[in-house]
Amino acid sequence: MNNFVEAIRFIGRNGQIPGEPPLPTLVHLTLETLKIAGIGIGLAVAIALPIGVWLGHIHRGSFVAINVGNIWRALPSLAVLAIGVAFLGIGLRNVELALIVLAVPPIITNAYVAVDGVEPEIVDAARGMGLTGWEILRDVELPLAIPLIFAGIRTAALFVVSTTTIAALTGYSGSLGDIINNETSYHLPGVLGAAILIALLALAVELVLAAVQRALTPRGLKLGGREDLATVLAPVVTEA
Amino acid sequence: MIVAAAGGPVIPTFGSGSGSFACERANRLFCPGWVSRNWSSVLWPALVQHIVLTLIAVSIGFVLSMALALVAYRRRWLERPVLIVTSILYTIPSLALFELLEPIPGFGLSRTTAEVALVSYTLLILFRNTLTGLREVPAEVRDAAAGMGMGPTQSLLRVEIPLALPAIIAGLRIATVTVISLATVASLIDNEGLGVPILTAISNEVFKTELIVAGGMAVLLALAADALLVLAQRALTPWTRVKAA
């Protein structure tokens with residue numbers, strides 16, 4: 001228990017250890033972790049969302065969209081990082097590439113399933129009202145698909161935050177994972193403090209994304225409106 | 001252990017003088033010679049450890065989640081608290097969870113710590129899939145079972161669980177590949193499994209061959225396990241294929 005108390009003190013001291021030279025502050029490392037993860041998620045969304053949404057809109061490529069997701073689940077993040085290090089060396093480039101490799105598939109799969117699954121009667125009605133293909137996508141399919149699309153982004157985000165910290169094991173420094181990988185300098189309380197912070201960070205990211213998802217979901221889709229932590233936190237992994 | 005630590009140079013042994021280690025010394029992308037020399041001493045044992053770690057975690061996770069799901073199936077109020085706790089466990093990044101468990105008395109740097117963390121990642125997926133599978137059994141089917149004179153237990157064992165099998169196995173697939181993935185990180189705590197050669201290769205000034213082979217083995221193991229479970233599902237639920245025909 002004493003270690004946990006010391007860990008909280010370590011967080012309170014912003015990651016400094018008394019009597020030792022200054023270390024990177026926890027605020028800095030947390031922001032850096034968010035930056036690395038944010039770039040990864042941002043690029044992954046930019047790549048994957050248009051592909052998934054478009055494939056869903058034209059109802060094609062289900063085999064690719066769904067199997068990409070199946071193979072993704074089998075990719076161990078440390079292995080992806082390690083193989084990347086062999087080709088690209090240690091550095092931000094490799095980390096971001098690994099993050100994108102891990103984050104793109106669930107976003108594609110979920111976006112595809114979400115848009116593809118919009119009821120055909122609704123799309124037909126929209127077409128009958130004279131909407132063009134683009135308008136149908138923007139005004140009908142996307143709003144209805146948002147919950148599932150966002151579930152994919154959240155699943156990916158969870159993976160990305162987790163992998164960002166694991167990247168420290170492959171020699172890339174800059175994230176909160178550094179502290180865990182450097183027990184000799186930080187000792188057990190420091191490592192524990194970083195672990196607590198990483199856990200809280202991941203939970204915070206999940207809750208923020210859940211709130212964004214809720215804000216973006218059209219009012220008509222919020223059935224009953226009663227959501228609790230269970231439905232808010234549990235990421236939906238689309239099954240195929 | 002002390003003898004082993006004192007003896008021998010740190011791997012990879014590049015050797016001295018002989019030209020046969022040229023590939024290793026140049027640290028080329030892939031040295032087949034290194035793989036064959038280290039297969040039986042490094043790679044194969046790591047693979048076996050990885051499989052054992054995974055099997056233990058998935059089995060324990062499966063038993064726990066099945067029990068929880070079966071109770072929650074009968075007592076609905078249990079569903080929410082179980083989902084909240086397991087979602088929080090699922091959300092905690094693996095690296096953090098391993099470190100959080102380590103200082104707890106009786107855990108430390110051990111297989112127990114690794115397994116407890118790995119099991120905790122399977123619970124959400126297995127629990128949710130099992131419960132969803134059971135809930136989706138049509139009411140008419142349950143009525144028919146009751147009409148044939150089956151009691152609740154018999155109906156559960158002979159009708160409801162078999163019909164929920166596709167969902168249960170889908171959960172097992174996700175849980176298994178998740179555990180295989182996280183077990184590489186567990187090497188940090190446990191010093192076994194395919195994470196060990198990966199971390200060794202990094203500390204040896206990025207020895208590429210070992211990174212590619214160990215990383216590739218982890219990926220292939222996950223793909224193979226996933227494929228095996230798909231086959232198991234086909235064998236166990238022959239009726240699901242009738243629709244496709």
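All values derive from a computational prediction rather than experimental measurement.

Let's talk about the overall build of chain A
The helix and strand inventory of chain A stands at 10 helices and zero strands. Mapped from its N terminus to its C terminus, chain A presents α and β elements in the order α-α-α-α-α-α-α-α-α-α. Overall, the C-alpha framework of chain A stretches about 75 × 45 × 25 Å when taken along its three principal axes. For chain A, long-range pairs separated by at least 24 residues make up 75% of all intrachain contacts whose partners lie at least 6 apart in sequence.

Here we look at the overall build of chain B
Helices and strands together make up the secondary structure of chain B, namely 10 helices and zero strands. Seen in sequence order, chain B has helices and strands lined up from the N terminus as α-α-α-α-α-α-α-α-α-α. With the C-alpha coordinates aligned to their principal axes, the bounding extent of chain B is approximately 80 × 50 × 25 Å. Counting across all 245 residues of chain B, residues that qualify as buried make up 44%. Here the contacts in chain B between residues at least 6 apart in sequence split such that 71% fall between residues at least 24 apart.

A few points about unusual backbone geometry
With the exception of glycine, most residues fall at negative phi, and the peptide bonds are largely trans. Positive phi, normally seen in glycine, also occurs at His 59 of chain A, with a value near 55°. Positive phi values are uncommon outside glycine, yet Asn 191 of chain B reaches one of about 55°. Within the element layout of this structure, Asn 191 of chain B appears in the loop between α8 (152-190) and α9 (195-203). For Asn 191 of chain B, a count of 15 C-beta atoms within 10 Å corresponds to the partly exposed category.

Brief notes about the nonpolar core
Judged by nonpolar contacts, the single largest core of 141 residues is most densely connected at Ala 103 of chain A together with Leu 118 and Ala 186 of chain B. Of all the elements, helix α7 (residues 133-166) of chain A adds the most residues to this core, at 17 residues. Setting aside its immediate chain neighbours within four residues, Leu 118 of chain B contacts Leu 53, Ala 57, Val 179, Leu 182, Ala 183 and Ala 186 of chain B.

Comments concerning the packing of helix α3 (residues 32-74) of chain B against helix α6 (residues 111-135) of chain B
Residues and elements named next belong to chain B. Following both chains from N to C, one finds α3 and α6 inclined at 40°, their axes separated by 7 Å at the closest point. It follows from the interaxial angle that α3 and α6 lie oblique. The crossing of α3 and α6 is right-handed. Along the lines of polarity and charge, the residues of the contact of α3 with α6 split into 20 nonpolar, four polar and one charged.

Focus: the interface of chain A and chain B
Contact with chain A, which involves 41 residues of that partner, is made by 41 residues of chain B. Residue assignment for the side of chain A that touches chain B shows that the elements contributing at least two residues are α4 (77-88), α7, α8 (177-180), α9 (183-216) and α10 (229-233) of chain A. In terms of residues, the side of chain A that touches chain B owes the most to one element, α9 of chain A, which gives 10 residues.

Considering the packing of α9 of chain B against helix α10 (residues 208-236) of chain B
All names here are of chain B. Taken N-terminus to C-terminus, the directions of α9 and α10 make an angle of 160°; their axes are 8 Å apart at the nearest point. Between α9 and α10, the crossing angle belongs to the class labelled roughly antiparallel. Crossing geometry of α9 relative to α10 is assigned as left-handed. Two secondary-structure elements touch here, α9 through Pro 197, Ile 198, Thr 200 and Ala 201 and α10 through Glu 210, Leu 211, Ala 214 and Gly 215. Along the lines of polarity and charge, the residues of the contact of α9 with α10 split into five nonpolar, two polar and one charged.

Some remarks on the confidence of the model for chain A
The predicted model of chain A averages 86 in pLDDT, with 92% of residues at 70 or higher. Mean pLDDT across the elements of chain A ranges from a minimum in α10 of chain A, with 48, to a maximum in helix α2 (residues 26-57) of chain A, with 94.

Thoughts on the environment of Arg 13 of chain A
Locating Arg 13 of chain A in the fold gives a position in the loop between α1 (2-12) and α2. Considered as a pair, Arg 13 of chain A and Ala 37 of chain A are 24 residues apart in the sequence and their alpha carbons are 25 Å apart.

Points about the environment of Glu 115 of chain B
Residue and element names in this part refer to chain B. Positionally, Glu 115 belongs in helix α6. Considering only alpha carbons, one finds Glu 115 and Ala 175, 60 residues apart in sequence, at a separation of 13 Å. For Glu 115, the residues in contact, after removing those within four places along its chain, are Ile 56 and Ala 57.

Focus: the confidence of the model for chain B
Residue and element names in this part refer to chain B. Here chain B averages 86 in pLDDT, and 91% of its residues register 70 or above. Considering only residues more than four positions removed or in separate chains, one finds that residues 1-9, a stretch of pLDDT under 50, has zero contacts. If you check the scores for this complex, the pTM reads 0.85 and the ipTM reads 0.84.

Things to note about the environment of Ile 174 of chain B
With respect to the element layout, Ile 174 of chain B can be found in helix α8. Spatially, the C-alpha atoms of Ile 174 of chain B and Ile 125 of chain B are 7.3 Å apart, while their sequence positions differ by 49 residues.

About the thresholds
Residues numbered from 1 in each chain as written. Chains lettered and ligands numbered in written order. Predicted model: local features only at pLDDT ≥ 70, side-chain atom pairs only at ≥ 80, totals over all residues. Helix = DSSP H or I, 4+ residues; strand = E, 2+ residues; numbered from the N terminus. Contact = placed C-beta atoms within 7 Å. Buried ≥ 20, exposed ≤ 12 C-beta atoms within 10 Å, placed from the backbone. Core = buried A, V, L, I, M, F, W, Y, C linked by C-beta atoms within 7 Å. Axes fitted to C-alpha atoms, helices over the stretch in contact; angles between N-to-C directions. Parallel < 35°, antiparallel > 145°, perpendicular 65-115°, else oblique. Left-handed = near helix turned anticlockwise from the far one by under 90°. Nonpolar A, V, L, I, M, F, W, Y, C, P; charged D, E, K, R; others polar. pLDDT = per-residue confidence, 0-100.

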